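# Structure at a glance
Spelled out, the chains give:
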Amino acid sequence: MSTVTFDPASLEQLQQQKSTRPWRKKPTKFTASVSLAVVIPALIVAALFVTSDIPVPILMVVIYLPLQLIASAVAALITRGTRGVADSMIIVNAIGASLFSVIVLASVIGSLIVRGLRALSPHFLFQNSVYISPSTPLDYGGIGHSLVGTLLIVFIASLISVPIGVATAVYITEVRGRAVPYVRFFVQAMSGVPSVVAGLFILTIVVATGAFNQSAFAGGLAYAILMLPTVARTAEEVLKLVPDDLRTGALALGSTRARTVLRVVLPAARTGIVTAIILGVARVIGETAPLLLAAGNNDQTVVNPFGSPISSVPTYIFNNVALPYPDAVARAWGSALVLIILVAILFTLARVLGRGRVSR
Amino acid sequence: MSTTEYEGVMELDIEGIEQSALHQVGPTEMETRDLSVWFGHRKVLEGVNISFPKQTVTALIGPSGCGKSTFIRTLNRLHELIPGAALAGAVLYEGQDIYDGDVDPVHIRLKIGMVFQKPNPFPSMTIRGNVLSGLKLSGMKRDNHDDIVEQTLTAAGLWNEVKDRLGNAAGDLSGGQQQRLVIARALAVQPHVLLMDEPCSALDPASTLKIEETIRELSKEVTIIIVTHNMQQAVRVSDYTAFFLAEEGSPGHVVEQGATTEIFGNPQEQRTLDYVNGRFG
Ligand SMILES: Nc1ncnc2c1ncn2[C@@H]1O[C@H](COP(=O)(O)OP(=O)(O)OP(=O)(O)O)[C@@H](O)[C@H]1O
Ligand SMILES: [Mg+2]
């Protein structure tokens, strides 16, 4: 038997090798039919857009989407045979659906920018609305007092709902006590409480009884009711993802249940817990009804959480958006824009905070 | 098949056997009495009587599913964490039944450490933090943390590989390194007994040898109980061996136990002979 030896390329040749990605090479037929499948429906729709006055959403959904589906299917049939057709359907639909949600979000933000951008200015963020009437031009006044209010109320709500929510999740996943089904049911039921009911509840038992004024604290209580189920349920899901190996490992080192939860399980789930908090905040930050009832309104900047009624961004929007003064309406839209930016900042912050994973 | 095919397996490490035979039999550290174990209504172990002399290494061998892990987890009261778990009989540690009503499982687990089959370092801690985690978790006070970290990591054969990156995340280590890390972690709380459930099944031959050296070294101070599927390993590291078996449909039990030299060199039971020679399981 003779051995076949492979004659290696010379070293020089090897050094001159260029890296390639052979799997990216596509047959010409493929490129041609795919580009046609992309271009033809787009051209038809562009033509219709120019010549007719069919509203854009209808144009996209009723004409473009079916056209694109057919075109892609034909392209798939040519390049990959019948097997490719189903694939192409799924891909087109998936891209279409994701584009749809991006477009919805973009148009929400777009409309906020169009109507509210002119209200934005440094003083809009920092000044309050004392001496400002709906007809005051945009050169004066702002929502500083509402921003402070919203932050204060959300902070109070978090202070109350995060410990309780996380503790509830710990009870469900770590303590696994006998009441777990009831607790879970209760939390689930709580997530169905309409926000206006939470506001009414606090109004009745906290404000009407004279225990506290309409205030950041009362508003925070109402928000806490709404935040709690979100925090608890998200935290529960996150704690469930922590592998049991870690719990057993800690217990095998002579740890108590409590230390296991505090030092191993919760830290392992830290990123997820932060997400739970953020989702809770995002759930409530735009809620208007509970604050109209429990926090009230104020043109001044209030920092005392207990003393007096306090403004917030959603109630500010509510109070201004329907006024018959263009500048007041612009202020409302501007506030909405600020609110959205605030949420975006919160999410980014959560990402960044969640990234540092390891501690001593 | 002829028996000669198994002669290769029969060539055991005679030197190792002779060494272990020289080991002095000391007083008993741990012992089980008529231990039977259930998961719900299913009995998985029956009537296990084994005693573990102080500062020796005992290997638990037997086919998959015969209850070795279950057994070892009853020795440090981890078994009871599983819903539906139950047992009968007694587990004595220093003469006391660890399942007595007034015994604190936390205290038991601190004295009887464990290394699991799958490495389970704490992902939220650094390498150093992991080594010291037992101290924090159990509230144990020990000085000179730097020394503890170096000693235990050296004992686990990991020091040289990680000494420059003790502050890195434990999750960045390879599987085998993680396993040695959790061995160091178990050693840092100075257990009297160390339970090891197939500690080398995720390791390469070199790390396995390191761990085996560590086991031999540790056995001067610690009583070690190790589950292994590797017959050579059992011979290399253990003084005593217990052979578990769960026959068709019946709970697992100990078929034969005794000095490792006897179990591997001169077993009394045909089933033991068959198993250690790789004829089933
Ligand atoms: N959590 C559990 N719940 C119910 N039954 C279990 C549980 N853990 C193990 N068992 C059963 O107990 C028996 C013994 O399992 P065990 O894990 O102790 O075997 P083993 O000897 O360690 O096997 P291996 O060598 O594969 O690790 C098996 O039949 C298994 O199905
Ligand atoms: Mg096992």
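A few points on the structure. Keep in mind that this is a model prediction, so the values were computed, not measured.

Moving on, we get to the packing of aromatic side chains. In total, this model carries six aromatic pairs over all chains according to the counting rule given. Measuring from ring centre to ring centre gives 4.7 Å for Phe212 of chain A and Phe217 of chain A, while their planes differ by 55°; the resulting arrangement is tilted. Given the relative accessible area of 32%, Phe212 of chain A is considered partly exposed. Given a relative accessible area of 18%, Phe217 of chain A falls into the buried group. With a centroid separation of 4.9 Å and an interplanar angle of 20°, the aromatic rings of Phe243 of chain B and Tyr275 of chain B are classed as stacked. Of this pair, Phe243 of chain B sits in strand β9 (residues 240-245) while Tyr275 of chain B sits in helix α12 (residues 270-276), and the two are 32 residues apart along the sequence. A residue is classified by how much of its surface remains accessible, and Phe243 of chain B, at 0% relative accessible area, is buried. A relative accessible area of 5% places Tyr275 of chain B in the buried class. A connected cluster of aromatic rings, assembled from ring pairs, spans Phe212, Phe217 and Phe306 of chain A. Here the basic side chain of Arg115 of chain A rests over the ring of Trp333 of chain A, its NZ or CZ set 4.7 Å away from the ring centre. Looking at Arg185 of chain B, its charged tip hangs above the ring of Phe122 of chain B, at a distance of 4.3 Å from the centre.

Turning to the pairing of β9 of chain B, a few remarks are in order. All names here are of chain B. Burial within β9 is extensive, with six of its six residues counted as buried. Residues Tyr240, Ala242 and Phe244 of β9 are buried on one face, and the alternating residues Thr241, Phe243 and Leu245, pointing to the opposite face, are buried as well. For strand β3 (residues 57-61) and β9, the ladder comprises four bridges, and the chain directions are parallel. By the bridge assignment, Leu60 is partnered in β9 with Ala242.

In this section: the interface of chain A and chain B. With 21 residues of chain A at the contact, the number on the chain B side is 30 residues. Together, the buried faces of chain A and chain B total about 2200 Å²; carbon and sulfur atoms form 64% of this surface. At the boundary of chain A with chain B, the tally comes to one salt bridge. Applying the counting rule to chain A against chain B returns four residue pairs in polar contact (both at pLDDT 80 or more). Contributions of two or more residues to the side of chain A that touches chain B are made by α10 (244-252) and α11 (257-268) of chain A. The greatest single-element share of the side of chain A that touches chain B, amounting to seven residues, is contributed by α10 of chain A. Here the residues of the side of chain A that touches chain B are counted per class, giving nine nonpolar, six polar and six charged.

A separate point is the pattern of salt bridges. Two side chains bearing opposite charge may form a pair once their charged atoms approach each other closely. Counted according to the given criterion, the structure contains 23 salt bridges over all chains. The partner of Arg184 of chain A in a salt bridge is Glu236 of chain A, with the nearest N and O atoms 3.0 Å apart. On the criterion of sequence distance, the pair formed by Arg184 of chain A in helix α7 (residues 180-190) and Glu236 of chain A in helix α9 (residues 216-240) is long-range, its members being 52 residues apart. Residue classification places Arg184 of chain A among the partly exposed positions, given a relative accessible area of 33%. Notably, a salt bridge pairs Lys220 of chain B with Glu217 of chain B, separated by 3.2 Å at the nearest N-O pair. Among the residues examined, Lys220 of chain B registers a relative accessible area of 54% and is labelled exposed. For Glu217 of chain B, a relative accessible area of 48% gives the class partly exposed. Taken together, the shared-partner salt bridges connect Glu174, Arg176, Asp244 and Arg247 of chain A into one network.

Residue and element names in this part refer to chain A. The calculated volume of the largest pocket comes to roughly 770 Å³. Lining the largest pocket are 28 residues, with Tyr64, Gln68, Val92, Ile95 and Gly96 sitting closest to its centre. Taken together, the elements giving at least two residues each to the lining of the largest pocket come down to α2 (28-51), α3 (56-80) and α4 (82-116). Here the residues of the lining of the largest pocket are counted per class, giving 19 nonpolar, seven polar and two charged.

Residue and element names in this part refer to chain B. Of the strand pairs in this sheet, strand β1 (residues 28-39) and strand β4 (residues 85-93) are connected by eight bridges, and their pairing is antiparallel. Paired with Arg33 across the strands is Ala90, a residue of β4. Two strands pair when backbone bridges link them, and β4 and strand β5 (residues 96-97) are joined in this way by two bridges, in the antiparallel orientation. Its bridge partner being in β5, Leu92 is matched across the sheet by Asp97. Count of turn residues in the β4/β5 antiparallel hairpin: two residues, of which Glu94 carries a positive phi of about 50°.

Residues and elements named next belong to chain B. Around ligand 1, a shell composed of 13 residues is seen, among which Arg42, Ser64, Ser69, Thr70 and His229 lie nearest. Between ligand 1 and His229 there is a distance of 2.7 Å, counted from an oxygen atom to a side-chain nitrogen or oxygen. Within the complex, 65% of the 630 Å² of free accessible area of ligand 1 lies under protein. Elements supplying a minimum of two residues to the shell around ligand 1: β2 (42-53) and α3 (68-74). In terms of residues, the shell around ligand 1 owes the most to one element, α3, which gives three residues. Each residue belonging to the shell around ligand 1 can be placed in one class, and the counts come to four nonpolar, six polar and three charged.

Reading the values: the criteria
- Residues numbered from 1 in each chain as written.
- Chains lettered and ligands numbered in written order.
- Predicted model: local features only at pLDDT ≥ 70, side-chain atom pairs only at ≥ 80, totals over all residues.
- Heavy atoms only, no water.
- Phe/Tyr/Trp six-rings, centres within 6.5 Å; stacked < 30°, edge-to-face > 60°.
- Buried < 20%, exposed > 50% of the residue type's maximum accessible area, 1.4 Å probe, protein only.
- Helix = DSSP H or I, 4+ residues; strand = E, 2+ residues; numbered from the N terminus.
- Lys NZ or Arg CZ within 6 Å of the ring centre and 35° of its normal.
- Pairing = 2+ DSSP bridges.
- Contact = heavy atoms within 4.5 Å.
- Buried area = accessible area lost by both parts, 1.4 Å probe.
- Salt bridge = Lys/Arg side-chain N within 4 Å of Asp/Glu carboxyl O.
- Polar contact = N/O pair within 3.5 Å; in protein donor to acceptor, adjacent residues only side chain to side chain.
- Nonpolar A, V, L, I, M, F, W, Y, C, P; charged D, E, K, R; others polar.
- 1 Å grid on protein atoms, 1.4 Å probe; cavity = no way out; pocket = protein on both sides within 12 Å on 5 of 7 lines; lining within 4 Å.
- Points joined across faces, edges and corners; volume = space filled by probe spheres on them.
- Near = heavy atom within 4 Å.
- Areas by Shrake-Rupley, 256 points an atom, 1.4 Å probe, with all protein chains shown as cover.

Everything listed here is a matter of coordinates, which is why it stays silent on function.
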